[in-house]
Each structure stands twice: as structure tokens, then as C-alpha cells.
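Chains, contacts and geometry: an overview
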Amino acid sequence: MAFSGLSTAAAAQGGGPAFPSRPLSIVVPYTSGSSVDTIARRVAERLSGELGQPVVVENRPGASTTIATAYVARARADGHTLLFGTPALSINPVLQPQLPPGDPRRVLVPVGRIAVTPFAIIVGPSVEANSLEELVTWAKRHPGELTVAITGAATVMRMAVELLARRAEIQITYVPYNGGSGVVDILAGRVHVGFIQTPDIGALRQERGLRVLAVTSAERVASLPDVQAIGEVYPGYAVTSWNGLFAPAGTPEPVLERLNAALRLVLANPDLRAGFERVDVALVAGSRADLGDHLDREIRQWTALHEQAAIAVE
């Protein structure tokens, strides 16, 4: 599906004032202090310098990120209100199509990609497996007994687990958590496996008995060079959390191009890149079409997975 606003005529800008003409808002669908919020604020600070106007981060969490998405979709399409997009944009239309605003491609247009962050598979001392292959072998010998901690029924973490289960041909039992990653229960042996973002691994590795078996990216990550990527075992597997900027559909092309150019300059900053790379957050500057294509691919992937696995959202 094509984005509804990608072909907006440049004439839509008319003879209006130069962009930007006032402070910009980046709407984040998570609370202040979250990992997504942290990335957004660091990017916003530098984006302000490139655009010559303040760029303010506005937190609007809730309803599986749809509060923020719907807010930006209804905003004036002049480029001054942007959404800090996450994988929820590709998951909600598949698992929760009844939530507003439905398919985001009808109400938003891409500005540019920002970052990707993989997950790590962690196990506690009660799990004897020392590799992903050994974990899968155990799961096949004990169908349905492998327990996995997840946060949220319609999240990228859930999709990462579901995709692994399909590729490895194993049955799992979910243990849902309202918050956190279930680390306490994993260490206590009440849950076998957890999926957490790699930037959170540093402090957790000090927990006695906690081990990292794999990362969900196609390739290994710098901070965990001895930990295999799932893509090494199951070629083509790659599930990461990601972020990108979106604007309301109908935003003029010159404005979108100005935003994309400024974003690319921000993401090319070597100090910013180095700071993020130290915590396994990879900055991925690109064209507007790159972000649109990425969202299209994910929606197709999750649609196919949902058709195979009939993923329930309770």
C-alpha cells in the first residue's frame, strides 16, 4: 500500500511562510524517561540546531501507542507536529485493526528512519541450555513447557517470540507482565526465557546466573560479540525495535524534504552515533522512501505471521 501523502503536490505549500516558522513538537507514544523517550530527546536537541527552531518532545502514552498516533494524524499538516514512530505502527493494524487510526499509511507520511535496537534472549540458572540450539532442542522435547516472559500482547517483543517459535517449530507458553521483563522470575526459575532490549543488558549481566543466549538481529552486536544472532541459526530472521519520524498526511513535499535533510545531518553526527553505538542503538539515516518501505515490509511480515499463528490479543 502506498502512503496517501507521498504524492502531495509541492503547490500545497503555496506562498506560505518559510519552514519552520515556529517551534516543532515530536510526539512520543511512551512515558518520559523510557528508552524511546531518551532517543527522541537526544535527536530533538540536535534537530533544533539544524532547523533553527526549538524542537520539543511531547509525551502522549497509552492505548498501545494509538493516542499519540491519532493525535499527530489529526494535527495540522504543516510539518510542525511529528510522530516518533515505533514498531507499533506495523503491529497494531494487524493485531488490533479496530484501534484508531487504523492503517497508519492512510493518515501519516514518512520523514525518515532514526534507529534500530535488537532484543536479547536471556535465561536463568534453571535453564541448562547454553545456546539457542540447545534451548530449541529442549523445547521440542517438552512441547508447550517452555515459558517466555513478555510485556504486552501486541508488541514487537511478542512478535519476535512468535516468529522464532514458527521458525524453530516449537511450542511456548507466555507469561505476561504489565511492566518490566520478568527478570526476577527468570532468576528464580519460575520462568525460563525473557526478551529484553540489548541496551538493558549491561546491568543485568551482573545478576548471578543470568545468561544471554542470542540477539534478535541478523548479525551480532558490538557489546555482545560472543553472543550469536538468531539470524545465524535461522537465516532471514531479524526483529528489532525501531524508530522513525512521521508527519500528518498532506504535509507538503518541500517541508518533508527539509525535515529529512535535517534529520540526516543530525544522524551523521559522529558524537551522537558513537554515544548510541555504545549501548547498541544503531542510527540508520535514510530517505523518506526507506522508512515507508520498512513499514510496508513489516506490515506484510506480521500479516503473514498472524495468518499462520492466529496471534491472540487479550
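As the structure is a computational prediction, the values presented were derived from the model and not from experiment.

So, the side chain of Asp185
Locating Asp185 in the fold gives a position in helix H6 (residues 183–188). Under the relative-accessibility criterion, Asp185 is labelled buried at 19%. Of the polar contacts made by the side chain of Asp185, one reaches the side chain of Tyr177; its length is 2.6 Å. A distance of 2.7 Å separates the side chain of Asp185 from the side chain of Arg190, its partner in a polar contact.

So, helix H5 (residues 156–168)
In this model, H5 (13 residues) spans 18 Å end to end at C-alpha, consistent with the 18 Å of a helix rising 1.5 Å per residue. Most of H5 is tucked away: 11 of the 13 residues are buried. Burial in H5 covers these residues: Val156, Met157, Arg158, Met159, Ala160, Val161, Glu162, Leu163, Leu164, Ala165 and Ala168. Count one or two residues on from H5 and you reach Glu169, which has phi positive near 60 degrees.

Considering the confidence of the model for the protein chain
Summing up the model confidence of the protein chain, the mean pLDDT is 91 and the portion of residues at 70 or higher is 92%. Under a pLDDT of 50 for its full length, residues 5–15 has, in the predicted model, 18 contacts with residues more than four places off or in other chains.

A look at the pattern of salt bridges
One pass over the structure, following the stated rule, counts 11 salt bridges. Arg41 is paired through a salt bridge with Asp37; the nearest N and O atoms lie 2.8 Å apart. Linking Arg41 with Asp37, this pair stays in helix H1 (residues 35–51), spanning 4 residues, or about one helical turn. When its relative accessible area of 2% is taken as the criterion, Asp37 is described as buried. Members of the salt-bridge network, linked through shared partners, are Arg22, Arg76 and Asp78.

The rules behind the values
- Residues numbered from 1 in each chain as written.
- Predicted model: local features only at pLDDT ≥ 70, side-chain atom pairs only at ≥ 80, totals over all residues.
- Heavy atoms only, no water.
- Helix = DSSP H or I, 4+ residues; strand = E, 2+ residues; numbered from the N terminus.
- Buried < 20%, exposed > 50% of the residue type's maximum accessible area, 1.4 Å probe, protein only.
- Polar contact = N/O pair within 3.5 Å; in protein donor to acceptor, adjacent residues only side chain to side chain.
- Expected span 1.5 Å × (residues − 1).
- pLDDT = per-residue confidence, 0-100.
- Contact = heavy atoms within 4.5 Å.
- Salt bridge = Lys/Arg side-chain N within 4 Å of Asp/Glu carboxyl O.

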